[in-house]
Amino acid sequence: MSGMLSGMRKKTSLTLDEDSIPLARSRAEAEGLDVGRWLDRAIRNEAARGDVDVIAEWEATLPPDDQAVLAALDAADRHDLDAG
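Residues numbered from 1 in each chain as written. Predicted model: local features only at pLDDT ≥ 70, side-chain atom pairs only at ≥ 80, totals over all residues. Heavy atoms only, no water.

(A) Seen up close, the packing of helix α2 (residues 20-30) against helix α3 (residues 35-48). At a closest axis distance of 9 Å, the pairing of α2 and α3 adopts a crossing angle of 100°. Relative to α3, the element α2 lies roughly perpendicular. Here Ala-24, Arg-25, Arg-27 and Ala-28 of α2 lie close against α3, whose contacting residues are Val-35, Trp-38 and Leu-39. Its residues assigned to classes, the contact of α2 with α3 comprises five nonpolar, no polar and two charged. (Axes fitted to C-alpha atoms, helices over the stretch in contact; angles between N-to-C directions. Helix = DSSP H or I, 4+ residues; strand = E, 2+ residues; numbered from the N terminus. Parallel < 35°, antiparallel > 145°, perpendicular 65-115°, else oblique. Contact = heavy atoms within 4.5 Å. Nonpolar A, V, L, I, M, F, W, Y, C, P; charged D, E, K, R; others polar.)

(B) Spotlight on the environment of Trp-58. Along the chain, Trp-58 falls in helix α4 (residues 52-60). For Trp-58, a relative accessible area of 43% puts it in the partly exposed group. C-alpha of Trp-58 to C-alpha of Ala-48: the two residues are 10 residues apart in sequence and 9.2 Å apart in space. (Buried < 20%, exposed > 50% of the residue type's maximum accessible area, 1.4 Å probe, protein only.)

(C) Molecular detail of a nonpolar patch on the surface. On the surface, a nonpolar cluster with roughly 240 Å² of combined accessible area is contributed by Leu-14, Leu-16 and Ile-21. Within the secondary structure layout, Leu-14 lies in the loop between α1 (2-5) and α2. Leu-14 sits in the exposed class, given a relative accessible area of 55%. (Patch = residues over 30% accessible without salt bridge, like charges linked within 9 Å, V, L, I, M, F, W, Y side chains within 5 Å. Areas by Shrake-Rupley, 256 points an atom, 1.4 Å probe, with all protein chains shown as cover. Salt bridge = Lys/Arg side-chain N within 4 Å of Asp/Glu carboxyl O.)

(D) Molecular detail of the pattern of salt bridges. One pass over the structure, following the stated rule, counts six salt bridges. Between Glu-31 and Arg-41 there is a salt bridge; the shortest N-O distance is 2.3 Å. Here the residue Glu-31 occupies a position in the loop between α2 and α3, and Arg-41 occupies one in helix α3, the gap between them amounting to 10 residues. Here Arg-37 makes a salt bridge to Asp-34, at a shortest N to O gap of 3.8 Å. Through salt bridges that share partners, Arg-27, Glu-31 and Arg-41 make up one connected network.

(E) Region of interest: the environment of Arg-27. Of note, Arg-27 is situated in helix α2. The partly exposed category is assigned to Arg-27, whose relative accessible area is 36%. For the pair Arg-27 and Trp-38, spaced 11 residues apart in sequence, the C-alpha separation works out to 7.9 Å.

In structure tokens form, the structure reads like this:
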């Protein structure tokens, strides 16, 4: 996992549904990314939905200011849970 977070890339081939290819191209273009980078991010985002370790690794790579914002949001969420 650390290789992905450090920016290392490996060329590969994928077999995608024919409807997915134009969708990926369109979304990548709209975000100013090449399709490979967009797909890489989409894969990591999907993997992180249920894997707290992936999320924690990503959060650890953020700048200190962003980590402070996440900590504040987490504290606010816990406060809301305690109030309810």
